[in-house]
Amino acid sequence: MFHQHFTTRTLRSAVVAGLAALAIPAPALAFDFTGTKSLIAVTADGQRKTVGAVQFVPAKAGQATFKVVLQTEVFTDHFLSMREFKCLAGAKEVSCYVPYPYPHPATVGPGRLVWLEHSLLFLYKSPAEFGARLTNGVYYEFREQGAALVGRPMAVDLNEISAPPADASVPPYGPAQRQEMDASTRWVRELVIE
């Protein structure tokens, strides 16, 4: 009887401990700023198209350096306003990559994504337009979402970077230079790094 009582009590304790363990939330996955990650464009028709990669190399103080490498074969070449652009073409909109034209630190880390965002600028146009309107700039503002970085489109005027910045260490597109944009109006609705 003692043995049966002891076994029941032990079993009950194990069940209670097991249930308590289930109630403890698992730690959320955090984005890993090391190695090569896929750069994915999520388009209006629901496709997730790999358009390149971002290579992260650990650096000092919890930061990493990064390099964006486009998968050029998934882009089409468009000659706009006397310049060639790599573009993703949809039926109603063409979204063209605009490389940030000036040297910058190329560093990134948790909560410090601004230089990565500046390295993934785009502009949009209709398929019928022959020129590039720099006022139609798109800045993808990234947020860490578990093990991924997810960028939502914000409106920027790319004329702001037509001349070198006075201080190259200060990103030109701060919060005051970005405007809210309805993501559903864009062909590339999100950029995801995972």
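In short, a report on the structure. Everything numeric here is computed off the predicted structure, so don't read it as measured data. (Residues numbered from 1 in each chain as written. Predicted model: local features only at pLDDT ≥ 70, side-chain atom pairs only at ≥ 80, totals over all residues. Heavy atoms only, no water.)

1. Brief notes about the overall build of the protein chain
Rules: Numbering of helices and strands runs from the N terminus; a helix is a DSSP stretch of H or I covering at least four residues, while a strand is a stretch of E covering at least two. Whether a residue is buried, partly exposed or exposed follows from its accessible area with a 1.4 Å probe, protein chains only, as a fraction of its type maximum: under 20%, in between, or over 50%, in that order. Contacts are residue-level and defined by heavy atoms, with any inter-residue pair within 4.5 Å sufficient. Only the protein chains shown count as cover for residues, with accessible areas throughout obtained via the Shrake-Rupley method and a probe of 1.4 Å.
For the protein chain, the helix and strand inventory stands at 2 helices and 12 strands. Tracing the protein chain from N to C terminus, the helices and strands come up as α-β-β-β-β-β-β-β-α-β-β-β-β-β. Residues classed as buried in the protein chain amount to 38% of the 194 residues present. Pairs at least 24 residues apart make up 57% of the contacts formed inside the protein chain by residues separated by at least 6 positions. Summing over all exposed atoms, the protein chain offers an accessible surface of approximately 11,000 Å²; the carbon and sulfur share of this is 60%.

2. Let's talk about the pattern of salt bridges
Operational definition: For salt bridges, the criterion is a side-chain nitrogen of Lys or Arg within 4 Å of an Asp or Glu carboxyl oxygen.
Counted under the stated rule, the structure contains 9 salt bridges. Close ionic contact of arginine 186 with glutamate 93 constitutes a salt bridge, the shortest N to O distance being 2.6 Å. With a gap of 93 residues between them, arginine 186 in the loop between β11 (179-180) and β12 (188-193) and glutamate 93 in the loop between β5 (83-89) and β6 (94-98) connect regions that are remote in the sequence. Residue classification places arginine 186 among the buried positions, given a relative accessible area of 10%. A salt bridge links arginine 133 to glutamate 129; the nearest nitrogen and oxygen atoms lie 3.7 Å apart. Salt bridges here are not isolated pairs; linked through shared partners, they connect Glu141, Arg143, Arg152, Arg178 and Glu180.

3. Re the side chain of lysine 125
Rule in force here: Charge counting follows a simple rule: Lys and Arg are positive, Asp and Glu are negative, and His as well as the terminal groups are ignored. By the criterion applied in these results, polar contacts are pairs of N or O atoms within 3.5 Å in which, for protein atoms, one can donate a hydrogen and the other can accept it, and in which residues neighboring in sequence qualify only through two side-chain atoms.
Positionally, lysine 125 belongs in strand β8 (residues 121-125). With no salt bridge to any partner, buried lysine 125 finds its closest opposite charge in glutamate 129, at an N-O distance of 5.5 Å. Only 2.5 Å separates the side chain of lysine 125 from the backbone oxygen of glutamate 129, close enough to count as a polar contact. Setting aside residues up to four positions removed in sequence, lysine 125 forms contacts with His78, Leu80, Glu93, Val94 and Gly131.

4. Notes on the layout of surface pockets
Operational definition: Site definitions follow a grid-based scheme: protein atoms alone, a 1 Å grid, a 1.4 Å probe that fits but cannot get out for cavities, and for pockets an open set with protein on both sides within 12 Å along at least five of seven lines, plus lining residues having an atom within 4 Å of a point. Grid points are joined across faces, edges and corners, and a volume is the space filled by probe spheres set on the points. Any residue that is not Ala, Val, Leu, Ile, Met, Phe, Trp, Tyr, Cys, Pro, Asp, Glu, Lys or Arg is counted as polar, Gly included; the first ten are nonpolar and the last four charged.
As a volume, the largest pocket reaches approximately 190 Å³. Split by residue class, the lining of the largest pocket holds 8 nonpolar, 2 polar and 1 charged.

5. Considering unusual backbone geometry
Positive phi, close to 55 degrees, is recorded for alanine 61, a residue that is not glycine. Its place among the elements puts alanine 61 in the loop between β2 (48-58) and β3 (64-70). Positive phi, normally seen in glycine, also occurs at alanine 106, with a value near 55 degrees. Counting through the fold element by element, alanine 106 comes out in the loop between β6 and β7 (107-108). The class for alanine 106 is buried, based on a relative accessible area of 16%.

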